[in-house]
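Here are the chains, one letter per residue:
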Amino acid sequence: MNKIGLIIRREYLTRIRNKTFLLSTFLLPVIIVLGIAGTVFLAIKGKTNHRIAVSDQNSYFRDYLKSDSSIYFDFSPGIDTINYAEKNCSAVLIIPVLNEGQKTIYRLKYKKQLGLANIDDLEKRINAAITDHLIYIKTNITRSRLDSIRASSDMGELQTFSDEGKRSQQSSQGLSYAIGYTCGFLIYLLTFIYGAMVMRGVSEEKTSRVAEVIVSSVKPFPLMLGKIIGIGAVGLTQFLLWIVLGIVLALVAQAFIPHELLQEVNNIQKANAMGNAQMAQSSEAARQIFEVKQSIQNANWLLIIGCYIFYFIGGYLFYASLFAAVGSVVNEDPQEAQSLLLPITMPIIFSFIIMSVAIQDPGGSLAVWASMIPFSSPIVMMARIPYGVPTTVPYWQLLLSMILLAGGFLFTTWMAGKIYRTGILLYGKKPTWKTMWKWAFNNG
Amino acid sequence: MLEVAHLKKYFTTQKAVDDISFNVEKGSIFGLLGPNGAGKTTLIRMITGIFYPDEGNILFNGEKFNTDEDSARIGYMPEERGLYKKMKIGEQAIYLARLKGLSSSDAFSQAKDWFTRFEMQSWWNKKIEDLSKGMAQKLQFVTTVLHRPELIILDEPFSGLDPVNANLIKDEIFRLAANGASIIFSTHRMEQVEEICNHIILINKGKKILDGTVNHVKQEFKENLFRITASPLPGHLPDSVFEVLTKKEQSLTIRIKEGHSPNDVLRYFIDQQSNISVFTELLPSLNEIFIKLVEGTSLSRQFQPIQS
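Definitions and cut-offs
Residues numbered from 1 in each chain as written. Chains lettered and ligands numbered in written order. Predicted model: local features only at pLDDT ≥ 70, side-chain atom pairs only at ≥ 80, totals over all residues. pLDDT = per-residue confidence, 0-100. Contact = placed C-beta atoms within 7 Å. Helix = DSSP H or I, 4+ residues; strand = E, 2+ residues; numbered from the N terminus. Nonpolar A, V, L, I, M, F, W, Y, C, P; charged D, E, K, R; others polar. Pairing = 2+ DSSP bridges. Buried ≥ 20, exposed ≤ 12 C-beta atoms within 10 Å, placed from the backbone. Right-handed = clockwise from strand over helix to strand, strands pointing away. Core = buried A, V, L, I, M, F, W, Y, C linked by C-beta atoms within 7 Å. Axes fitted to C-alpha atoms, helices over the stretch in contact; angles between N-to-C directions. Parallel < 35°, antiparallel > 145°, perpendicular 65-115°, else oblique. Left-handed = near helix turned anticlockwise from the far one by under 90°.

## Topic: the confidence of the model for chain B
Taken over all residues, the pLDDT of chain B has a mean of 86, while the share at 70 or more is 96%. Interface confidence in the predicted complex, given as ipTM, is 0.81; pTM for the same model is 0.79.

## Considering the interface of chain B and chain A
Where interface size is given, it is often the accessible area lost as the parts come together that is meant. The partner chain A presents 17 residues to the 20 residues of chain B that form the contact. Elements that contribute at least two residues to the side of chain B that touches chain A include exactly strand E6 (74-77) and helix H3 (89-99) of chain B. Per-class residue counts for the side of chain B that touches chain A are 10 nonpolar, five polar and five charged.

## Description of the sheet that holds strand E4 (residues 55-60) of chain B
Residues and elements named next belong to chain B. The strand order across the open sheet formed by four strands is E2-E1-E4-E5, and the pairing between neighbours is antiparallel. Two strands close off the open sheet at either side, each with one partner strand: strand E2 (15-24) and strand E5 (63-64). Pairing of strand E1 (residues 2-10) with E2 involves seven bridges; the strand directions are antiparallel. The residue bridging glutamate 3 from the neighbouring strand is asparagine 23, located in E2.

## Brief notes about the pairing of strand E8 (residues 182-187) of chain B
All names here are of chain B. Of all six residues making up E8, six are buried, and the element is well covered by its neighbours. Of the two faces of E8, the one holding Ser182, Ile184 and Ser186 and the one holding Ile183, Phe185 and Thr187 are both buried throughout. Here five bridges tie strand E3 (residues 29-33) to E8, and the two strands are oriented parallel to one another. Note that in E8 the partner of glycine 31 across the bridge is phenylalanine 185. Pairing analysis gives five bridges linking strand E7 (residues 151-155) to E8, with the strands arranged parallel. For isoleucine 153, the partnering residue across the bridge sits in E8 and is isoleucine 184. For the crossover from E7 across helix H6 (residues 163-178) to E8, the handedness is right-handed.

## Describing the nonpolar core
One recurring pattern in soluble globular proteins: nonpolar side chains tend to sit buried together. If you look at the biggest cluster of nonpolar residues, it comprises 130 residues, and the most contacted ones within it are Val198(A), Ala324(A), Met382(A), Ile153(B) and Ile183(B). The element best represented in this core is helix H10 (residues 301-329) of chain A, accounting for 16 residues. Beyond its immediate stretch of four places on either side in the chain, Met382(A) contacts Gly180(A), Cys183(A), Gly184(A), Ile187(A), Cys307(A), Tyr308(A) and Tyr311(A). With 15 residues, the next largest nonpolar core counts Ile71(A), Ile79(A), Val92(A) and Leu122(A) among its residues.

## Quick look at the environment of Ile79(A)
Note that Ile79(A) resides in the loop between strand E2 (71-74) and strand E3 (91-94). Once residues within four sequence positions are removed from consideration, Ile79(A) is found in contact with Ala53(A), Asp74(A), Tyr84(A), Lys87(A), Cys89(A) and Val92(A).

## Some points on the packing of helix H1 (residues 2-16) of chain A against H3(B)
Running from amino to carboxyl end, H1(A) crosses H3(B) at an angle of 160°, the nearest separation of the two axes being 9 Å. If you check the angle between H1(A) and H3(B), you find them roughly antiparallel. The two elements H1(A) and H3(B) meet at a crossing, and its hand is left-handed. Contacts from Lys3(A), Leu6(A) and Arg10(A) of H1(A) reach H3(B) at Tyr95(B), Arg98(B) and Leu99(B).

Here's what the structure looks like:
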C-alpha cells in the first residue's frame, strides 16, 4: 500500500540524512581496522624478549637450544635457581639428567608469567633440542651438516583444494576463516545496532505520543513493518557503501605496490594460466602478493555477498520485530527495557559464541544444526558459507536454512505485530510476560 | 453524518464503553462530555478506527465504517499531543497529510496555506523541540485539519493555549463547521462547551446519561428559578406561589412552586404596586448540570471484574 511506502521513506530518509549515519558508516570500518591493527601491533610488541636462564649441569643442551629474537637462552654457569632474577632473566629452566627412552620432566621456574604462546614455543624448542641431541650422539653426523639438513627441510607447504566434481579449486582455509568470521561478526553487530534502532524508534513514537496520531491514519501493523523495512534499508545502504569503500581501498592499496612488483605478479599469473608453475624465478614478495590475490579472486564473492544480504535481511527481520515489540511495551523508563531485552539479546550472543566454535569445524554437527535454527542461523551460516557451497554447505542445507529463517521471521513478525498493536497505545504499567503472551496468541 | 449505535467495548477489568448510541449532524459541533475515565478516549478511539468495538456499529455517511478508506476523512487531535520531535515541522505536516492520502503537491499547498493563516511560515524548517508548548499545540491543530477531514475530533483542543491563540483556534472551529465539517469536541471545560457546541452528550462510567442540544438540556434541568428585581419590594411575600431563595437589595432569587406560572408571580408583584425592572429565568449552567449528574457516583472509577 501507498502508506507503508511513505512510512518506509520517512524512516529511511530521516536516518540517512542524519550525520551520525555517515559518521558511523565511515568510522566503523576504520575502528575495526584500527582495532585489528592495534591488536596485531600489540601482539608483536608484546612479544618481549625473554631471557631464560638454563641450568644445564650436564651440558646436554648447550649447543642445541637455539636462541633467537624472542627467546634468549642464557647458559652462563653463574646463574642458578636463586639468583636468576637478579641476572635479568625472567625464568630459569632446569634440565635434569636425561634418561634415554623415559619421559623426562623439565621444570621452569619464573617470577613473571611467560604466557601460553611462549610456553608452547619453549616446549617445541626443547623437543627439537632433544631430537637434535639424540641424533648427534647416536650418529656420526657433524653439527654443521645437521644444521644444514634442518634448514633445508623446512620447505613443505600444504595447499588445500575444494573438490567440486569437474574442477577442483584451490582454497584458502585462512581466508575462508577470515571472511566467515567477519561476516558472522558483522551480522551479529548489525543485528544489535539496527535492532536497538528499531526499538528506540518505536519507543520514541510511543513516548512522544505521536503513535496515536499515526495509528488513526495507518494500522499499527503497517506502521511497525514500515519502520522495520525503512531501518533495514538503511542497513543495506550502509553495507553497499562498505563494499564500495572496500573496492576503493583495495585499488588505493594496489597503487602503493611498486610497478615492477606488479609486473612480476602478472607474469606469475600468466605463467600459471599457461600451466607451468615456475615460480622459482620470481621474488618472494611477488609470490606472496600473487597468493593473496589468487585466494581473494578464488573466493566466491558473488555467492558470499548474495548470502550475506539474505542472511542480514533475514536475521534482521527475525530480531527487529521482537525489538519493536519490546519498544512498544516500555514507557519512558529505559530501565524497563533491560529485563525485556534479555530474552532477545541472549540468543544473539549465544549465536555468536556458537559461531566462533562452529567456524573451527564448519562441517560439524554443531555448525550444521546451529545454521538451521532461525535463532542462530544468520550468524552461524554466514560463517560457514565462505568455506564453500556446495562442498562444506550442501545446497539442501542452504535452502532449508533459508526457508526456516524466512518462516521464522514471518512468525516473529506476526507475533510481534500483535504485541505491538496493543502495547503502542497502552500507557502506565509495564505488562507482564503473561499479558504479552495473551496479546500475541489470544484473538484479543 | 456519523451514527454510532450500541457501541460496546469491554476491557478485562472495565466496561469502558457500554452501549452508547448517538448521531452527529453534518456541520454541527458536537460536545462529548464526561468525567475523567468515563470512556471518552475509548469511544473516540473506536470512531477513529484505532480500536474495534466489541459490539455495535459505526455508520459514516450511512455506510459502515471502513478504517482504511474513512481514516482519510477523519482528523483526530488526541488529548496527549504528539509529533516527531526531531523532524522538521513543514516536512512533518506534509508527511502526516500524505498518510491521510493527500498527494504530495496538495499536501504542500495545504500546509503552506494553513501556515500562512496561522502566521507560522517561519517555523517551516524548525523542529518540534524548538517550539513552545502553545506553538506545538497550534501545529498539532493544523496537522489535524490539513487534509480537509469531514469529521474532526478534538480532545481538549484549548489546553495550554493563551486566550489569543485559543480564540484563533475557536474561530477556525466555527469556520470549519460552517464549511460543512462535523466536529466532535471533547472537554471538561463546560464554559467552552456552552459557547461552542450545538449538541452535547454526557457519558459517565461508560454509559450515556445525557443527550440533546445545549438549550434543550438546560430546559430539561431547569429548576423554575427566576430573578426578579423590583421596587419597592412587597412587604409580604406569599409562600404559596413561590419561595425566596436569596435576597440581595432589590433582587430576589425565587423558585416558582409546582402548579404556578411566572405570570402568577408577575401578577402578584403588579398587584402589590411594585415596579418590576428585571424578570428573568435562571437556567442552570452546564457546569451545574454536569456536577449534579456526576456527583454522587463514586469520584474515580473502580475496577470491576467483567463476566463474559
